[in-house]
Amino acid sequence: MTETNDSTFFAMKLLEFEDAEDPLLAMIQWMTNQMMELEVEQKCNASKGTHEKERQAYRSGYRPRRFDTRLGILYMLVPKLRNGGYVPFFVTEKKRSEQALINVIQEAWTNGVSTRKIDRLAKAIGIEGISACL
């Protein structure tokens, strides 16, 4: 396999992110979209919009998903498959510490702490947009 030093694609891509409000978050957004498309193509055994005999699954649109990262909130369009479903490999279940925080918030609410106070406390520690249906 030959290695090439052609970096024009990446140079052009970096220039696209230069004008973004948060360039690093925009790069992560692009990268997650690319990874999902590649993963779904591999799972389907065919590219989007092509008809092949080896196809194992069919696409069925996209579903919007919110993905909280340490860099910020990503709003992703996750590809749907007709059978078998699809969850991106980089989306994991909540970690133990996150689950513990949710349990503390639920306990505070059941003990009568107002949702406004809980929301203010969460914002003070850097958490935005806690769902009311935790």
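All residue numbers here refer to positions counted from 1 along the written sequence of the relevant chain. Confidence filtering applies because this is a predicted model: local features only for residues at pLDDT of at least 70, side-chain atom pairs given and counted only at 80 or more, and all residues used for totals across whole chains, interfaces and linings. Note: side-chain values were computed over all heavy atoms of the structure, leaving out hydrogens and water.

A. Examining the packing of aromatic side chains more closely. Centres within 6.5 Å make a pair out of two Phe, Tyr or Trp rings, where for Trp the six-membered ring is used; the pair is then stacked when the planes are under 30 degrees apart, edge-to-face when over 60, and tilted otherwise. The tally for this structure, following the rule as stated, stands at five aromatic pairs. Plain terms: the ring middles of Phe 9 and Trp 30 are 6.3 Å apart, the flat faces sit at 45° to each other, and that makes the pair tilted. Taken together, the residues Phe 9 in helix H1 (residues 8-18) and Trp 30 in helix H2 (residues 23-44) connect sequence positions 21 residues apart. Each residue is assigned to one of three classes by its accessible area relative to the maximum for its type, calculated with a 1.4 Å probe on protein chains only: buried under 20%, partly exposed between the two thresholds, exposed over 50%. Take Phe 9: its relative accessible area is 47%, and that puts it in the partly exposed class. Secondary structure counts use DSSP, requiring at least four H or I residues in a row for a helix and at least two E residues in a row for a strand, with both numbered from the N terminus.

B. Quick peek at the side chain of Lys 13. Within the secondary structure, Lys 13 is located in helix H1. Residue classification places Lys 13 among the buried residues on the basis of a relative accessible area of 14%.

C. Spotlight on the side chain of Arg 59. Structurally, Arg 59 can be placed in strand E1 (residues 59-68). Overall, Arg 59 belongs to the buried group, its relative accessible area being 17%. Here a polar contact means two N or O atoms within 3.5 Å. Within protein one must be a hydrogen donor candidate and the other an acceptor candidate, and residues neighboring in sequence count only if both atoms are side-chain atoms. Of note is the side chain of Arg 59, whose polar atom sits 2.8 Å from the side chain of Glu 37. Within polar-contact distance, the side chain of Arg 59 engages the side chain of Tyr 62 at 3.5 Å. Look past the residues within four positions of Arg 59 in its chain and what remains in contact with it is Glu 37, Val 40, Glu 41, Lys 48, Pro 79, Lys 80, Leu 81 and Arg 82. Contacts: residue pairs with any heavy atoms within 4.5 Å of one another.

D. Focus on the pattern of salt bridges. Should a side-chain nitrogen of Lys or Arg be within 4 Å of a carboxyl oxygen of Asp or Glu, the pair is scored as a salt bridge. Applying the stated criterion across every chain yields a total of two salt bridges. Ionic pairing is found between Glu 16 and Lys 13, a salt bridge with its closest N-O pair at 3.1 Å. With Glu 16 and Lys 13 both in helix H1 and three residues apart, the pair spans about one turn of that helix. Where Glu 37 meets Arg 59, a salt bridge forms, and the shortest distance between an N and an O atom there is 2.8 Å. Highlighted residues: Glu 37 in helix H2 and Arg 59 in strand E1, separated in sequence by 22 residues. Look at Glu 37 and you get partly exposed, because its relative accessible area is 22%.

E. Focus on the packing of H1 against H2. Fitting a line to C-alpha atoms yields each axis, with helices limited to the stretch in contact; the angle taken between N-to-C directions then spans 0 to 180 degrees. Taken N-terminus to C-terminus, the directions of H1 and H2 make an angle of 125°; their axes are 9 Å apart at the nearest point. Between H1 and H2, the interaxial angle falls into the category oblique. Judged by the twist between their axes, the crossing of H1 over H2 is right-handed. Within the contact between the two elements, H1 uses Phe 9, Lys 13, Leu 14 and Phe 17 and H2 uses Pro 23, Ala 26, Met 27 and Trp 30. To sort the angles, those under 35 degrees are grouped as roughly parallel, those over 145 as roughly antiparallel, those from 65 to 115 as roughly perpendicular, and the leftovers as oblique. Handedness of a crossing follows from how the near helix is turned relative to the far one, being left-handed for an anticlockwise turn of less than a right angle and right-handed for a clockwise one.

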